[in-house]
Amino acid sequence: MIRRLLITFIAIVMAMAAGIALGGGPLSDIGRTPSQAAAPPAQPAADPQDETRAAYADAFAAGVAPALYADRLHGHPVAIVMMPGAEAEVVEALAAQVQAAGTQVIATYALRRALVDTGEKTLVDTLGIQLVEQLGADVVTSDATTYDRIGQLLGHAVSAAKRSEAMDPARVASLRASLQGAGLVAQTDDQTEDQADGKPNLAPLVLVVTGKEVEQPVLAGLVAGLAVVARGVVVAGPTGDAGVAALRAAPPVRPVATVDGTETAAGRVSSILALVHVLTTPGGSFGASGADSPVPLG
């Protein structure tokens, strides 16, 4: 590829030189068409060691991860919430890292397009109000807006900071059924059985995996709502992810941790360490573009 570009570039230079030599007299401008844009410069040759370095970096991150985790998520299960467009392979890899940190993903919930599409805001708003009327005004904060409200309701369906703070099982079951029946949330098949005492499995930690084309006010409202209910929320996405960047530029009303770089092993390890981090300290900006540090080790 580089050789072909180089040959083309030389040919163009030679043709231009010949044209200048032949048409350099006083009548050279007559009948001449506008000059064409210069050919783009040849791309630098790829370093054959780049793939080897990338593979080593991934292997290194995966190798040291268990020692960094030190089972610090033991006893703190995680619920994964997938935004529309989230990569299934990335979600699976993150779930494997959660297990490596000493705990389990109790369920993965996929948000449907209708929940985040601003064109469906009336549906989301109406359903949120109806659910609050059914479940009781105490399930959401009094100042909740449309997406903050539905985020808090989603939080009660998947999470609880402490078991003592969880809604009663009947209301959780009703809430989950309503969200799924309205086509706003889908639950994957990895849901574990309810606890021995009959209470629904709810996770203190929520890992939100970003997707595509989710507007900042919608994403900010949803994760701020989740943060009301969960003990900690981490929002993770690929390097330079627009959703993560938007949350960093205009933080939601309640702090959530953000991580970018999930297409790499290092980014996924950082995401799990961020879950450890939010057990004691909400918020934080980590990963490839993180303002605080690439990895939350504190």
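In what follows, the structure referred to is the one given above.
It should be emphasised that the depicted structure is a prediction, and the values quoted were computed from it without experimental measurement.

### Remarks on the sheet that holds strand E7 (residues 285-287)
Strand pairing within a sheet occurs via backbone hydrogen bonds; the two strands may be parallel or antiparallel.
Then comes step 1: The sheet built from seven strands is open, its strands ordered E3-E2-E1-E4-E5-E6-E7 with mixed pairing. Taken across any chain shown, the strands that pair with only one partner, and hence form the sheet edges, are strand E3 (185-187) and E7. The sheet shows a mean angle of 25° between the axes of neighbouring strands, taken without regard to direction.
Then comes step 2: Here strand E4 (residues 205-209) pairs with strand E5 (residues 232-237) via five bridges, running parallel. In the sheet register, Leu207 faces E5, and the bridge partner there is Val234.
Then comes step 3: On top of the sheet, helix H3 (residues 88-100) reaches strand E1 (78-82), strand E2 (105-111) and E4; it is set at about 170° to E1, its chief contact.

### Let's talk about the pattern of salt bridges
Then comes step 1: One pass over the full model with this rule turns up five salt bridges.
Then comes step 2: The salt bridge partner of Arg149 is Asp125, with a shortest N-O separation of 2.8 Å. Linking Arg149 in helix H6 (residues 146-158) with Asp125 in helix H5 (residues 121-135), this pair joins segments that are 24 residues apart in sequence.
Then comes step 3: Owing to a relative accessible area of 13%, Arg149 belongs among the buried residues under this scheme.
Then comes step 4: Here Asp125 falls in the partly exposed class, since its relative accessible area comes to 23%.
Then comes step 5: Residue Arg254 is joined to Asp148 by a salt bridge in which the shortest nitrogen-to-oxygen separation is 3.1 Å. One end of the pair, Arg254, is in the loop between helix H9 (242-249) and strand E6 (257-260); the other, Asp148, is in helix H6, and 106 residues separate them in sequence.
Then comes step 6: Sharing partners across several salt bridges, the network here consists of Asp138, Asp168 and Arg171.

Parameters and conventions
- Residues numbered from 1 in each chain as written.
- Predicted model: local features only at pLDDT ≥ 70, side-chain atom pairs only at ≥ 80, totals over all residues.
- Heavy atoms only, no water.
- Pairing = 2+ DSSP bridges.
- Helix = DSSP H or I, 4+ residues; strand = E, 2+ residues; numbered from the N terminus.
- Axes fitted to C-alpha atoms, helices over the stretch in contact; angles between N-to-C directions.
- Contact = heavy atoms within 4.5 Å.
- Salt bridge = Lys/Arg side-chain N within 4 Å of Asp/Glu carboxyl O.
- Buried < 20%, exposed > 50% of the residue type's maximum accessible area, 1.4 Å probe, protein only.

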